[in-house]
Amino acid sequence: MGFHKILIANRGEIACRVVRTARALGYRTVAVYSDADAVAPHVALADEAVPIGPAPAAESYLHIPALLDAARRTGADAVHPGYGFLSERPEFAAACVQAGLVFIGPPAEAMAAMGDKAAAKRRMQQAGVPCAPGYLPSGTDDQDDARLVQEAQRLGMPLLVKAVAGGGGRGMRLVQALDELPAALAAARREAAAAFGDDRLMLERLVSDARHVEVQVFADAHGDAVHLGERDCTAQRRRQKVIEEAPSPIVDGTLRARLGRDAVAAALAVGYVGAGTVEFVVDTAGQHFFLEMNTRLQVEHPVTEMLTGVDLVAWQLRVAAGEPLRAWLPGGQADVRWRGHAIEARLYAEDPFDGFTPQTGAVAHWRPGAALAAAGGSLRIDAGIAEGSTVSPWYDPMLAKLIVHGHDRADAIRRLVAALDDSPVFGPATNARFLRGVLQHDDFTHARMTTTRLDEWATRGEPLLRRPEPPEALWLAGAALATRDGLPAGTPEPLRPAALAAVPLRLRCQGAERAWRARWLGDVVQLVPADATPGVAPATVRVLAHDAEAARWRLEIDGVAACHVARPAGDGGWWLAHEAAVYRFDEPSPWPDARRAADPRRACATVAGRVAQVAVRPGQRVAAGDPLASVEAMKMEMWQHAAAAGTVRAVHVAAGDAVAAGTLLVELALEEDTPA
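### Description of the side chain of Asp 116
Relative to the helices and strands, Asp 116 is located in the loop between α5 (108–115) and α6 (117–126). Residue Asp 116 is classed as buried on the basis of its relative accessible area, which comes to 19%. Here Ala 118 takes part through its backbone nitrogen, which lies 3.2 Å from a polar atom of the side chain of Asp 116. In this structure, Asp 116 is in contact with Val 164 and Arg 200, ignoring residues within four places of it in sequence.

So, in structure tokens, the structure goes:
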């Protein structure tokens, strides 16, 4: 069962992560890439790379014939699926085996047994693993809305609508009241069909105020299985994990033993082989209920690796090559050890202060080396981006994962906050400041999180979801740097020469504007507010040092020296980071702003993506707030609504069309435009 060259059927950070371990063990690697990923980091990192199709995943990363052909052309004799895409598709595992390739994952039969969520729950019930009450359909003839509504009434609210073939939060909807159910069923079916090619749904009674606790299991082909402890993934937004940690702050030794026992029983019940994760919810009484089994490597697997010192990908490769677990775990479960506390934060390309809208565009700055050096080995960053790469709308919005290890939970939290501060992304907006806020929130630090808490924060207007304002010191830093106009490191003089007379300087940031009179005196800039009365003492900013490699400036502002991550923007202005937030300071044009106000007659795409639905037709009357069309990008569906009442004048797109940000979707003739 040996192999020597591995094709990684994935992209982004997980492809990079698999390549690193595979090469460390002496295996050659093959990357695959879509047209959108031709210059992505994973392509450059592998020994070989093969193009497999256009940007849409269905035509590239989900196209099994293209992947098998790439393996044939490069002589790869094994395939690692990573996570997402085809990683839990039994037909892909079977196709690999049929093509003579080693599939680095569980057998297709085990994957199929756990991939059908309804059938998996029945099997777990038979194995004695506790499950939450629900409705588990046995076929396609029990999927009509009337039957599902009837079962929902029996179960009671709140409940979850879940795709039978689901995973990763796709095809899942929370229903709080019965009148929400029809819309939830329609949306879940549509999303499940698009993501999995299977629109069957099941219902599950929501365990209120629950925590999401999962157990990492590992099994070999010789009948042995162990667990590597639990991970707490309770911090979720819209059923998507945001922060994960191990061990769980609410799990004691007794509960850990029960969770581990049931997780191993679940794996053995389906003849599992390799790395897998058994997910549970834990209620306020400490009772746990089986959710599902992810038959692959999890996004959050580094948390377990940091806690145990294990390389799970290395284990995957050894088991796929036929080795028994006893070869390196002679004592079995007794040989698994845990040390300290680990936490992972997922860095997403999204704007948490604008409804978490997906963000795209070029990465102007990503240099986490200084953060890694400062952490001294306690920080790990798994990234799928590089400075200069482009974040596209075609795939998951996760850019990187920051994982820290501390001697206890408080230590790990503090280290992760520092890592977020020290490794900003300039370009597309990210959720870094939001992650920082979650880590420092009382609900998180005191282990009061539930799986719905982040969504509750959004509903009640939690302060950490308000866009932060740049502090005074950052305005002054931005003003001082703006006067240098992006001079390279080592340049002793600013571009704007020192003069006896101060020069005017204006800066704009996030809609706010400030003005000063600026004067350079050697390596110090003096800044006096433009509207200050004569005699007001200036603020002073001294440039002490500049590390061009890390884009770090050491500035002394009114006698206090501090480091700032900052660099000039390509089209003018400066990027500056402060406490995991990123700000852009620009000098406004002296000419009037010619940008038009939003036109209520034109509904345009807010992000690049693919049109998911068009809800109107020409000639149709609409009221203000009516849905017009939706665009799907980065696993989110964003609707454009009528800004005012009127009639649809034209529809410019159809479902399935690829659109750029700003594309005109629907035109309206407003009622106010119609003569009386």
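Once you've had a look at it, read on.
### Thoughts on the packing of aromatic side chains
Each pair of aromatic rings is reported with the distance of its centres and the angle of its planes. Applying the stated criterion to the full structure yields 13 aromatic pairs. Aromatic rings pair up to connect Tyr 61, Phe 85 and Tyr 395 into one cluster. The ring of Trp 575 carries the charged tip of Arg 584 above its face, separated from the ring centre by 5.4 Å.

### Details of the sheet that holds strand β25 (residues 539–547)
Taken in spatial order, the 8 strands line up as β22-β23-β24-β25-β26-β27-β28-β29 in an open sheet, and their pairing is antiparallel. Across the chains shown, the open sheet's two edge strands, defined by having one partner strand only, are β22 (503–509) and β29 (581–585). Averaged over all pairs of adjacent strands, the angle between their axes in this sheet comes to 35°, without regard to strand direction. For β25 and strand β26 (residues 552–557), the ladder comprises 6 bridges, and the chain directions are antiparallel. Each bridged residue has a counterpart across the sheet, and for Arg 542 the counterpart in β26 is Glu 556.

### Observations regarding the pattern of salt bridges
Close approach of charged atoms lets side chains of opposite charge pair. On inspection of all chains with the given rule, the structure shows 57 salt bridges. Across the salt bridge formed by Arg 296 and Glu 88, the nearest N and O atoms sit 2.9 Å from each other. Note that Arg 296 is positioned in the loop between β14 (288–294) and α10 (301–308) and Glu 88 in the loop between β4 (78–80) and α4 (90–98), a separation of 208 residues in sequence. Among the salt bridges present, the one from Arg 200 reaches Asp 198, with a minimum N-O distance of 3.0 Å. Taken as a pair, Arg 200 and Asp 198 share a single burial class, namely buried.

### A few points about the confidence of the model for the chain
Per-residue confidence for the chain averages 91 on the pLDDT scale, and 94% of its residues sit at or above 70. For residues 486–493, every residue scores under 50 in pLDDT, and the model assigns this stretch 8 contacts once sequence neighbours within four places are set aside. Scored below 50 in pLDDT, residues 591–596 shows 1 contact in the model against residues more than four places distant or in partner chains.

### Some remarks on the packing of α5 against α6
One way to put it is that α5 packs onto α6 with a least axis distance of 5 Å and a crossing angle of 95°. What the angle tells us is that α5 and α6 run roughly perpendicular. Across the interface between the two elements, Ala 113, Met 114 and Gly 115 from α5 touch Lys 117, Ala 119, Ala 120, Arg 123 and Met 124 from α6. Counted by class, the contact of α5 with α6 contains 5 nonpolar, 1 polar and 2 charged residues.

### Regarding the side chain of Arg 89
Within the secondary structure layout, Arg 89 lies in the loop between β4 and α4. When sequence neighbours within four positions are dropped, the list of residues in contact with Arg 89 reads Leu 62, Met 111, Ala 195 and Phe 196.

### A look at the sheet that holds strand β37 (residues 664–670)
Strand order in this open sheet of 4 strands is β30-β37-β35-β32, and the pairing throughout is antiparallel. Of all the strands in the sheet, just β30 (602–604) and β32 (621–622) have a single pairing partner and so form its edges. Note that strand β35 (residues 646–651) and β37 share 5 bridges and pair antiparallel. Pairing of Ala 650 across the sheet is with Glu 667, part of β37.

Definitions and cut-offs
- Residues numbered from 1 in each chain as written.
- Predicted model: local features only at pLDDT ≥ 70, side-chain atom pairs only at ≥ 80, totals over all residues.
- Heavy atoms only, no water.
- Helix = DSSP H or I, 4+ residues; strand = E, 2+ residues; numbered from the N terminus.
- Buried < 20%, exposed > 50% of the residue type's maximum accessible area, 1.4 Å probe, protein only.
- Polar contact = N/O pair within 3.5 Å; in protein donor to acceptor, adjacent residues only side chain to side chain.
- Contact = heavy atoms within 4.5 Å.
- Phe/Tyr/Trp six-rings, centres within 6.5 Å; stacked < 30°, edge-to-face > 60°.
- Lys NZ or Arg CZ within 6 Å of the ring centre and 35° of its normal.
- Pairing = 2+ DSSP bridges.
- Axes fitted to C-alpha atoms, helices over the stretch in contact; angles between N-to-C directions.
- Salt bridge = Lys/Arg side-chain N within 4 Å of Asp/Glu carboxyl O.
- pLDDT = per-residue confidence, 0-100.
- Parallel < 35°, antiparallel > 145°, perpendicular 65-115°, else oblique.
- Nonpolar A, V, L, I, M, F, W, Y, C, P; charged D, E, K, R; others polar.

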